[in-house]
Structure formats: C-alpha cells, structure tokens
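# Tertiary structure, described
So you can see what is in the structure, the chains are spelled out below.
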Amino acid sequence: MTAAELIAVAAFAGGVFSQAFPAFGVERRGAPVQAFVRFDNKKIRLRSQIYEPDYIIVQDSSLIGDVNVFHGVKPGGIVIVNTEKAINYPIPEGVNVISIDATSIALKELGLPITNTALMGAFVAATGEIEFSALEDALKQRFHGDLATKNVAAARAAYDFVKGAA
Amino acid sequence: MMEIMEGSHAVARAVTMCRPQVIAAYPITPQTHIVEALAEIVANCELDADYITVESEFSALSACLGASAAGSRVYSATTSQGLALMFEVCFNVAGMRQPVVMSIVNRALGAPLSIWNDHQDSISLRDSGWMQFYAEDNQEATDLHYIAYKVAEDHRVLLPSFVCFDGFILSHTYEPVDMLNQEQADSYLPPFKPYHRLDADDPISFGLFASPDYYQEFRYENDQALRSAQDVVASCGREFGEMFGRDYSGLVEAYRLDDADTAIVAMGSLCGTVKDAIDELRDAGKKVGLLKIRSFRPFPAEEIKSALSGVSRVAVLDKNISLGSKGAACLEIRDALYGSQIPVLGYVLALGGRDVRKKDIAAIVDNAEKGRGDIVYGLREELLK
C-alpha cells in the first residue's frame, strides 16, 4: 500500500491526477495484499478495482505460483518483480518482465528489507510515466532527514539498475 | 490548494478547521485513521479541544450529547457496529435537538462480520432524525463537514448530522483534495452559538419525560425541523459555492440527465463509477443519466420529482437492503414519483464491499430497459445451491 500511495503522490507531484487505494481490509504486515493506482490527465471518478493493469509490481516473488500475479495484464504491459533469482513461471506473451533484487538494494541502502522505494525507482525507470525528480519530491514529502536521503538512494540504485539493464 | 492525501486524513484536517471543542470517539475499522489523526492534532495543541477517550461508541456519543447540551461544538466518527451501538443515543441527540456532527465511514453490518463498505449502517439510522449527507469523493467528504456544522447549528434546524463517506473506497484512498485554509473555514463557519444550553445559573433540562399528551408534538416538530432543513442545506451549500467555487446548493445533482431515457439514482462513491459508465453508454448511443442523492435526510422529494419528470424509467442503486422489502432509496424514489407513470426499478448491489465495475452499470441499464428490477444484482448463483 505504501508503494501505491507513493506512486500516486509522485504522479501528482509530476502534474497529473492520481488515485491509490488498497483492495484488502486487514492492514497487517506480511499478509498478501493488493493495492491499485490510477493516474490520468483529468479528474479520476472511477472507483472499481483494476482488472487490466498496464503495469504490475510484484513485491514478493514467492507469491508467483500461488497467485496469478500476471492476471489481466495486456500485451505490451510491464511487470516488475522483486526477486533474487530468475522467474521460473510462464510469462504471458508480449508482457515485459523486469526482475530486480530490490530486497538487496533496500538492505544495502536502508539496512532494512523494505522494498517500496527501490521498486518505485524501478517503476519510474521501466515505464517513464513519472520523472525521477517527481519521485524524489514524493519521497522527501514522506520521509525526512537521513531517511529521505537513504530512500532516494535506494530509488536511485534501482532506477540505475533498470536503466542499465535496458 | 490541491494536495494529495488519504481520505481519512483530509477529513481529519477539515474537522480540525471546523474547530470542535469536544471530540469523543472510539476507534473502529475503517474509521480509525480519522480519530488517530485527530488525537495527534489535539495532542500537538494544533486544535484547542477536549479529546475524551471512552470505552465504547455508546459512551462516545453520550459524551458528545452532554458536551453539546453544555454549549460546545462537538465531533465524533464511527461506522457499522459502532453506529449500531449508538442507536439509542442517536435518537436522544436528535430528540434533544443537539447539532452534533459525526462522520460515518460507511461499512456493512454483521452478521456475518464484514469490514467492507456498504450503506447499511447509516441507512439503518434513517428514522432517527439525523441529517444524512453522502459524499462521492474525498473533496465532497471534506467540504460536507463544514456545511454539516453550519446547517446543524442554524437555529432554524438544530439537528445532528451524519457526513457519510464510503469505507476504504474513500477513507483509505489517496487522491487530490482542495483543502480550505483556517481563515477560509472561519469565514464560512462562525463559532457555535447554542440556542439553549445547560447552565447552572439558569437551569433547564433536556430530554425529559413526555406523557401521551405531549410526546407526539415533540416528534411532529422534530419531523418538521428535518423537512424544513432542506432550504437551509441549499442556502448553506450555495454560500459555500460562492465563497470557494464548489457549489452544493443542490441536495441532488444531475449528470447528463437532460435528455435521458434511463435515469440511474445512486449515492456515495458509486456515483463516480456510474458517471464513467454513463459516458461510455452515451458513446454507444444509449441515453442514460445520473441523479446523485447527496442529501438522503432531509429527503428532497420535490427536487427529485422534478429532476426525473422527463425520463422513461428510473433505476435506483442501493448499497443497503431493508430485509423483506427493498433498498431504502428505491422506496423513497417510488414514493416521490407516486402517481406518475414512470417505472422505478430497484437494484440492491455491492453489499459487504463487492466491487462495482462499469460493465455492471451497463448490465443494470440493460435490465432496466427490459423492465427487470427489484433484484439483488450480481448474485453468485453457485453459492446459493
């Protein structure tokens, strides 16, 4: 949910309307959850969940196989997976899967396995939907001092990784 | 200034700018983020209020009732089972004509237990005498709090008010909201001037015993006050629009309704999805429009009758059900249109948080065109065998 909120904040900072919401009710750490983000040039009125996403971020690759994390993604869509190993799962045709070890990046930059900001850096690099500077603004709104610097560094490392791999 | 934030936090900030002097609330999902935020705001001395922590919702609203009777502007927030526990106090607050404002973060009622959204909680307090306003988005959810206080405290009204917005769908959603600043809020909402208040130097009593010779007149006056609140809602909504550019003078709001064959009637966040669905249906050549009910109590029957006078059929969407009968809005609309030849078809849907998509709205319009209504839409037949 934090990643979805941050993407919405970054998109808004970049000059578009955005909306982020969770699809679960029980907010507890560790439970599998879904969160959705929309952004648009005009005010967003639609409230339904997203069934055909343009982009998917999978924060925990151990879900792959238990849950069809690729459900509804269209050809040309991008799926960013946090994983340290290759994905051993059939990928829908025309879908671009980007694997990134966001956990290691988070451990290195933050000292904690909290992958939200690294995955956002990867998202910004992979999709080009948001400028990195808007992401940086969003992170500095959410975090302060040393924590802001560390989170921006995690986002930057993931951004550079994806840009380098492309 | 447009800012992006969670719905609950936007509401907590709007409530802060309404300057309540007493807040009493008990946390319950999905209302929790509001009262947590307010507790922090009071603790940080950003709002000069007494924040009373209580052991239940019954006590929360009882504390608000007492504080209001003593002459304070008060605030609470709850949902679902919490509101159910307030049932008795709700009738007392309205009967004693105390202008309490309470956010209802709409959630289904148990059993079975559900933390997800529908409108059964506030609708079940339909007959209590509280005003009920329903927000389509977080902008309305914040703006309606200022308006609710102004209307409730107007000496022509003196009734409590729910500001209802959908649990999770709005409360937990981040989206842009144009927040007033304190100066703007103060210029719109003056300090609370109680009509009567408890005062040891000039003692009066509230909520006394009324024998059969008196009780009915109290209820009649309560009913009259709620009915005549319509004009005050309209004028306070218009004034808000003149000051800040967002007009709330209508107790209902029409969307592409002028030449519509099928009118959809809905309340709350569902209206946004319905508007998008209507745009697509219009592109496909179907003349469909929406009448959004923002004020369910007072109920603007004449305004609704006039708005729907030109349509061929009305499809009413209810996120609630009066078991053994129909959805609450459907019954009201049918009553408002009694004597006209316009068919009113009811659709109960989205109970306990079931998602509603644009294609569901299209399917309901299709049903309405075929004259098939008064159903629970979207049942999973395989679960009913």
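Residues numbered from 1 in each chain as written. Chains lettered and ligands numbered in written order. Predicted model: local features only at pLDDT ≥ 70, side-chain atom pairs only at ≥ 80, totals over all residues. Heavy atoms only, no water.

### A closer look at the overall build of chain B
What counts here: Helix and strand assignments follow DSSP, with helices taken as H or I runs no shorter than four residues and strands as E runs no shorter than two, numbered in order from the N terminus. Based on C-alpha atoms, the radius of gyration is set beside the globule rule, defined as 2.2 Å times the residue count to the power 0.38. Burial status follows relative accessibility: with a 1.4 Å probe on protein chains alone, a residue under 20% of its type maximum counts as buried, one over 50% as exposed, and anything between as partly exposed. A contact between two residues is defined here by any heavy atoms of the two lying within 4.5 Å. With residues, only the protein chains shown are counted as cover, and all accessible areas are computed by Shrake-Rupley using a 1.4 Å probe.
Helix and strand counts for chain B come out as 13 helices and 15 strands. Expected size for 385 residues packed as a compact globule is a radius of gyration near 21 Å; at 21 Å, chain B falls within 12% of this value. Overall, the C-alpha framework of chain B stretches about 65 × 55 × 50 Å when taken along its three principal axes. When each of the 385 residues of chain B is scored for burial, the buried share is 58%. Residue pairs in contact within chain B that sit at least 24 positions apart in sequence constitute 79% of those at least 6 positions apart. In the structure as shown, chain B presents an accessible area of about 16,000 Å², 50% of it carried by carbon and sulfur atoms.

### Notes on the pairing of strand β10 (residues 262–266) of chain B
All names here are of chain B. Operational definition: Should DSSP find at least two bridges between two strands, the strands are taken to pair. Throughout, right-handed denotes a crossover for which the path from the first strand over the helix to the second runs clockwise when the strands point away from the viewer.
Counting buried positions along β10 yields five of five residues, so the element is predominantly enclosed. Residue alternation in β10 divides its side chains into two sets, T262, I264 and A266 and A263 and V265, and both sets are buried. Bridge count between β10 and strand β11 (residues 288–293): five bridges; the pairing is parallel. Following the sheet pairing, A266 is matched in β11 by K292. This β-α-β element, β10 to helix α10 (residues 270–283) to β11, shows right-handed connectivity. Pairing geometry for β10 and strand β13 (residues 313–318), over four bridges, is parallel. The partner of I264 across the bridge, within β13, is A315.

### Considerations on the packing of aromatic side chains
Short version of the rule: Paired rings are identified among Phe, Tyr and Trp, the last through its six-membered ring, by centres lying within 6.5 Å, and are further divided according to the angle between planes into stacked (under 30 degrees), edge-to-face (over 60) and tilted (the rest). Placement of a charge over a ring requires the Lys NZ or Arg CZ to be within 6 Å of the ring centre, with the centre-to-atom vector within 35 degrees of the ring normal.
Applying the stated criterion to the full structure yields twelve aromatic pairs over all chains. When the ring of F87(B) is compared with that of F91(B), the centres are 5.0 Å apart and the planes differ by 35 degrees; the resulting orientation is tilted. On the criterion of helical spacing, the pair formed by F87(B) and F91(B) is a turn pair, its members being four residues apart in helix α5 (residues 87–95). Over the aromatic face of F132(A) sits the side chain of R156(A), whose NZ or CZ is 4.1 Å from the ring centroid. Taking NZ or CZ as reference, R357(B) lies 3.4 Å from the ring centre of Y51(A), over its face.

### Things to note about the environment of D66(A)
Its location among the elements puts D66(A) in the loop between β3 (55–58) and β4 (78–82). A residue is classified by how much of its surface remains accessible, and D66(A), at 68% relative accessible area, is exposed.

### Some words on helix α5 (residues 145–165) of chain A
Residue and element names in this part refer to chain A. Let me state the cut-off plainly: One fewer than the residue count of a helix, multiplied by 1.5 Å, yields its expected span. Directions from the helix axis toward the C-beta atoms define the arc.
In a regular helix each residue adds 1.5 Å, so 21 residues correspond to 30 Å; α5 covers 31 Å between its end C-alpha atoms and thus fits that length. Taken residue by residue, α5 has A148, N151, V152, A154, A155, A158, Y159 and V162 as its buried positions. Each buried residue of α5 lies within a common arc of 155 degrees when the element is viewed along its axis, so the set occupies one face. Exposed residues on α5 whose side chains face more than 90 degrees from its buried face are G145, D146, T149, G164 and A165. Looking at the buried side of α5, the elements it contacts are β5 (96–100), α2 (102–109), α3 (116–127) and α4 (132–142).

### Observations concerning the side chain of R47(A)
The line we're drawing: Contacts described as polar in this section are N or O atom pairs within 3.5 Å, which, within protein, must combine one atom able to donate a hydrogen with one able to accept it, while residues neighboring in sequence count only if both atoms come from side chains.
With respect to the helices and strands, the residue R47(A) is situated in the loop between β2 (35–40) and β3. Look at R47(A) and you get buried, because its relative accessible area is 8%. A polar contact of 2.8 Å, which involves the side chain of R47(A), links it to the side chain of E175(B). Look past the residues within four positions of R47(A) in its chain and what remains in contact with it is Q19(A), F21(A), R38(A), E136(B), D137(B), I169(B), L170(B), T173(B), E175(B), S269(B), T273(B) and D355(B).

### Looking at the sheet that holds strand β4 (residues 74–78) of chain B
What holds strands together in a sheet is hydrogen bonding between their backbones, with the strands either parallel or antiparallel. All names here are of chain B. Rule in force here: Structural elements are reduced to axes, namely lines fitted to C-alpha atoms, with helices fitted over the stretch in contact, and the angle between N-to-C directions of any two is expressed from 0 to 180 degrees.
Strand order across the open sheet formed by seven strands is β3-β2-β4-β5-β7-β6-β12, with mixed pairing between neighbours. With one partner strand each, in any of the chains shown, β3 (50–53) and β12 (295–297) form the two edges of the open sheet. If you compare each strand with its neighbour and ignore which way they point, the axes differ by 20 degrees on average. Sheet topology places strand β6 (residues 131–134) next to β12; two bridges connect them, and they run antiparallel. Within the sheet, the bridge partner assigned to F133 lies in β12 and is S295. The strands touched by helix α2 (residues 32–43) are β2 (22–25), β3, β4, β5 (101–106) and β7 (161–166); relative to β3, the strand with the most contacts, the crossing angle is about 130 degrees.

Treat this as a map of the structure, not an account of what it does.
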